[in-house]
Amino acid sequence: MRLFKKSWIVLSFVELLPVISIFTFLLVTTNQLVMHEISTGIFVLLYINVFWFSSNLQQLMKTFGQLVSDSPFIQDAVNFYQIKNIIIFPIVTQDNKIKLIKKLEKPRITLENVSFIYPNTSATVLKNINFSIPYGQNIALIGENGAGKTTLVKLLMRMYDPTEGKISINGINLKEIPEDVLFLLYSTLFQSFGKFYLTIRENLDMAAGKPEDSKEYERVLKLSNAWGYIKDFPKTIDQQLGPQYKDGVDLSGGQWQQLAIARAYMKKAPVLILDEPTSAIDAKAEAEIFDRLNRETKENTVIFISHRFSTIKDAHRIVVIDHGKIIEDGDHEKLIKNKGKYAALYSLQAERYTRE
């Protein structure tokens, strides 16, 4: 409010300055004309030029006013570039990097006594988490909003370090893995994904890190159900996205999400992480996508977060997180028999679908 008041005062002064300047100038020159200090011809010349000067002054003041209006955002940009990275990745020689990549093949992820509190807060988001994810397992993380599911994924990717405990891959502490090596292990898709206004081919090449052949593009687009609409585009995978481009097309929310899923597949990383990957996609299309996912990624680890139990129940393993703690761990049949949190949530959603 204080900043708004200050900006309002400055902008008001900026708007009045040209008017005050012209009034003062005319007052002085008129007085000079009356006192015979200047001739009528000089007065007319000055009178004409003052309006030209006024026009330029108004443009200058308009630009200055825009700078004043944008100044809070400029400060935000300055603050952003002053942020210091709190995650420090190790630097290793190329030979050691090659050896490390070899050791990290078929990654097994282990969390030991992991707890986490976000910086500048006091609430513990994750509390004493202990579990392992063997390579090739299809695992679902479920829980109510705020339970800590996405936070756990962020720790696996080392967006943050645990406040307590350790995360390791094949026995190697995450803190000992260089950033580019860790990047090779994961292919991720979060709820807020990028919309890149390139061609579809360029979107996929960007994820893969290199050009692929046409059959591979078609394969991953079919996996994500995106091929259903892309095959009908005039230029198929070379179609430009974005209505602001000539001959460009825009996509619906669900279509963008299907393309984002295809990008995640395209990277071919050993660990695929999907956080609410089908939130904008209808239930039928979601079932088709996950049926294909389960068939095509048997050699990969898949970690996904979803609130739709029709998808979750087919996972090899379901981990239920509640208030930052793992309260249940098993497959669908086991958790239903336990009659715990998972069974209650599953029954609640099934009842709602039956009612609808």
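Residues numbered from 1 in each chain as written. Predicted model: local features only at pLDDT ≥ 70, side-chain atom pairs only at ≥ 80, totals over all residues. Heavy atoms only, no water.

Per an unreviewed UniProt entry, the chain goes by the name ABC transporter related protein and belongs to Candidatus Roizmanbacteria bacterium GW2011_GWA2_32_13. Under the Subcellular location (unreviewed entry) heading, UniProt states for the chain: "Cell membrane". (UniProt positions renumbered as here; feature names shortened; annotations may be inferred.)

Novice: Requested: an account of the sheet that holds strand E1 (residues 109-117), with residues and values cited.
Specialist: Spatial ordering of the open sheet is given by E2-E1-E4-E5, a layout of four strands whose pairing is antiparallel. In this open sheet, the two edge strands, each paired with only one partner strand, are strand E2 (124-133) and strand E5 (172-173). As paired strands, E1 and E2 are joined by six bridges and run antiparallel to one another. Note that in E2 the partner of Phe 116 across the bridge is Leu 126. Where helix H4 (residues 149-156) meets the sheet, it contacts E1, E2 and strand E4 (164-169), and its direction lies at approximately 120 degrees from that of E1. (Pairing = 2+ DSSP bridges. Helix = DSSP H or I, 4+ residues; strand = E, 2+ residues; numbered from the N terminus. Contact = heavy atoms within 4.5 Å. Axes fitted to C-alpha atoms, helices over the stretch in contact; angles between N-to-C directions.)

Novice: Summarise the sheet that holds strand E7 (residues 271-275); cite the residues concerned and give the values.
Specialist: Two modes of strand pairing occur in sheets, parallel and antiparallel, and in both the strands are linked by backbone hydrogen bonds. Reading across the sheet, the six strands line up as E6-E7-E8-E3-E9-E10 and stay open at both edges, with mixed pairing between neighbours. For this open sheet the edge positions go to strand E6 (186-189) and strand E10 (325-330), each flanked by a neighbour on one side alone. Each strand of the sheet is rotated relative to its neighbour by a mean of 15 degrees, with strand direction disregarded. Here E6 pairs with E7 via four bridges, running parallel. If you follow Thr 188 over to E7, its bridge partner there is Ile 273.

Novice: Go over the packing of aromatic side chains with me, naming the residues and quoting the values.
Specialist: Throughout the structure, instances matching the rule amount to six aromatic pairs. Members of the aromatic cluster, joined through ring pairs, are Phe 116, Tyr 118 and Tyr 160. Lying across the ring of Phe 89, Arg 158 places its NZ or CZ 4.9 Å from the centre. If you follow Lys 267 out to its NZ or CZ, it ends over the ring of Phe 183, 3.4 Å from the centre. (Phe/Tyr/Trp six-rings, centres within 6.5 Å; stacked < 30°, edge-to-face > 60°. Lys NZ or Arg CZ within 6 Å of the ring centre and 35° of its normal.)

Novice: Mind laying out the layout of surface pockets, listing which residues take part and the relevant values?
Specialist: Considering only enclosed or pocket space, the largest pocket measures out at about 680 Å³ in volume. Of all elements in the fold, only helix H5 (179-185), E6, helix H6 (200-208) and helix H9 (253-266) reach the threshold of two or more residues within the lining of the largest pocket. The element contributing the most residues to the lining of the largest pocket is E6, with four residues. Of the residues assigned to the lining of the largest pocket, the class counts are 15 nonpolar, five polar and four charged. (1 Å grid on protein atoms, 1.4 Å probe; cavity = no way out; pocket = protein on both sides within 12 Å on 5 of 7 lines; lining within 4 Å. Points joined across faces, edges and corners; volume = space filled by probe spheres on them. Nonpolar A, V, L, I, M, F, W, Y, C, P; charged D, E, K, R; others polar.)

Novice: Pulling in residues and values, what's your account of unusual backbone geometry?
Specialist: Here the phi dihedral of Asn 113 falls at roughly 50 degrees; this positive angle occurs in a residue that is not glycine. Residue placement: Asn 113 occurs in strand E1. Classification of Asn 113 as partly exposed rests on a relative accessible area of 42%. Positive phi outside glycine occurs at Asn 128, with the angle close to 50 degrees. Turning to its location among the elements, Asn 128 is positioned in strand E2. Assessed through its relative accessible area of 48%, Asn 128 is described here as partly exposed. (Buried < 20%, exposed > 50% of the residue type's maximum accessible area, 1.4 Å probe, protein only.)

Novice: Explain the pattern of salt bridges residue by residue, including any values.
Specialist: Inspection of the entire model under this criterion finds 15 salt bridges. The salt bridge involving Glu 216 is made with Arg 219; its shortest N-O contact spans 2.9 Å. Residue Glu 216 and its partner Arg 219 are both found in helix H7 (residues 214-223); the two are separated by three residues, about one turn of the helix. In this structure Glu 216 comes out as buried when scored by relative accessible area, which is 13%. Of the residues examined, Arg 219 reaches a relative accessible area of 32% and is grouped as partly exposed. (Salt bridge = Lys/Arg side-chain N within 4 Å of Asp/Glu carboxyl O.)

Novice: Tell me about the packing of H7 against helix H10 (residues 283-296), and please be specific about residues and values.
Specialist: H10 packs onto H7 with a crossing angle of 125 degrees between their chain directions and a minimal axis gap of 9 Å. Viewed along their axes, H7 and H10 adopt a mutual orientation that is oblique. Note on element contacts: H10 touches H7 through Ile 289, Arg 292 and Glu 296, opposite Arg 219, Lys 222 and Leu 223. By residue class, the composition of the contact of H7 with H10 is two nonpolar, no polar and four charged. (Parallel < 35°, antiparallel > 145°, perpendicular 65-115°, else oblique.)

Novice: Give a detailed account of the pairing of E10, specifying residues and quantitative values.
Specialist: Inspection of the sheet shows strand E9 (residues 317-322) paired to E10 by five bridges, in the antiparallel sense. Along E10, the bridge assignment pairs Ile 321 with Ile 326. Between E9 and E10, which pair antiparallel one after the other, the connecting turn spans two residues, and His 323 there sits at a positive phi close to 50 degrees.

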